[in-house]
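Close look at the chain arrangement
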Amino acid sequence: LIENLDFVISSCTSVAHASASTGKKTFVFVPISGYYVWSHSMEQSPWYGDNVTILRQNKPRVWDEPCKKLKDTLLLDYK
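Attention in this report is confined to the structure presented alongside it.

Reading guide: rules and limits
- Residues numbered from 1 in each chain as written.
- Predicted model: local features only at pLDDT ≥ 70, side-chain atom pairs only at ≥ 80, totals over all residues.
- Heavy atoms only, no water.
- Salt bridge = Lys/Arg side-chain N within 4 Å of Asp/Glu carboxyl O.
- Helix = DSSP H or I, 4+ residues; strand = E, 2+ residues; numbered from the N terminus.
- Pairing = 2+ DSSP bridges.
- Axes fitted to C-alpha atoms, helices over the stretch in contact; angles between N-to-C directions.
- Contact = heavy atoms within 4.5 Å.
- 1 Å grid on protein atoms, 1.4 Å probe; cavity = no way out; pocket = protein on both sides within 12 Å on 5 of 7 lines; lining within 4 Å.
- Points joined across faces, edges and corners; volume = space filled by probe spheres on them.
- Nonpolar A, V, L, I, M, F, W, Y, C, P; charged D, E, K, R; others polar.
- Phe/Tyr/Trp six-rings, centres within 6.5 Å; stacked < 30°, edge-to-face > 60°.
- Buried < 20%, exposed > 50% of the residue type's maximum accessible area, 1.4 Å probe, protein only.
- Expected span 1.5 Å × (residues − 1).
- Arc of directions from axis to C-beta.

Applying the stated criterion to the full structure yields one salt bridge. Note that D72 is salt-bridged to K68, the shortest N-O span being 2.7 Å. In this pair, D72 and K68 both sit in helix α2 (residues 64-77), four residues apart, roughly one turn of the helix.

Set out below in structure tokens:
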């Protein structure tokens, strides 16, 4: 299924890891208390490379900023 997609949008789940490990462009929503794979300060993943973009939550229970960043990225890159 993942192979047939243009990109994957996920929270920190096995889907994000499966997608990223196969080289598919992946956007991962990460909460403030993120899983150790996403716990660094970079926007890209040292584990999976440039094909992963981490959309990090900055305030508890508020996802406006990461959602806006995803929207802006998709509008810019996938017109």
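Next, the rest of the story.
The next thing to look at is the sheet that holds strand β3 (residues 52-56). Remark on secondary structure: sheet strands pair via backbone hydrogen bonds, oriented parallel or antiparallel. Ordered in space as β1-β2-β3, the three strands form an open sheet in which the pairing is parallel. Looking along the sheet, the strands with just one partner apiece sit at the ends: β1 (8-11) and β3. Across the sheet, the mean angle separating the axes of adjacent strands is 20 degrees when strand polarity is ignored. Bridge count between β1 and strand β2 (residues 26-30): four bridges; the pairing is parallel. Opposite S11, over in β2, you have F29 as the bridge partner. Docked against the sheet, helix α1 (residues 14-21) engages β1, β2 and β3, running at close to 140 degrees with respect to β1. This element, α2, spans β1, β2 and β3 of the sheet and lies at about 170 degrees to β2.

We now examine empty space enclosed by the protein. Throughout the structure, instances matching the rule amount to one cavity of 30 Å³ or more. Residue lining of the largest cavity: N58, K59, V62, D64, E65 and P66, and that is the complete set. Its residues assigned to classes, the lining of the largest cavity shows two nonpolar, one polar and three charged.

Centre-to-centre distance and the angle between the planes together describe a pair of aromatic rings. Tallying each qualifying case throughout the model produces two aromatic pairs. For the ring pair F7 and F27, a centre distance of 5.8 Å and an interplane angle of 90 degrees mean the geometry is edge-to-face. Of this pair, F7 sits in the segment before β1 while F27 sits in strand β2, and the two are 20 residues apart along the sequence. The class of F27 is buried, set by a relative accessible area of 0%. An angle of 80 degrees between the planes, with centres 6.0 Å apart, marks the rings of F29 and W63 as edge-to-face. Of this pair, F29 sits in strand β2 while W63 sits in the loop between β3 and α2, and the two are 34 residues apart along the sequence.

The next thing to look at is α2. A rise of 1.5 Å per residue sets the reference length of α2, with its 14 residues, at 20 Å; its end C-alpha atoms lie 20 Å apart and thus fit the reference within 8%. P66, L70 and L74 are the residues of α2 that are buried. Axial view of α2: buried residues confined to an arc of 70 degrees, hence all on one face. Structural note: α2 exposes D64, K71 and L76 on the side pointing more than 90 degrees away from its buried face.

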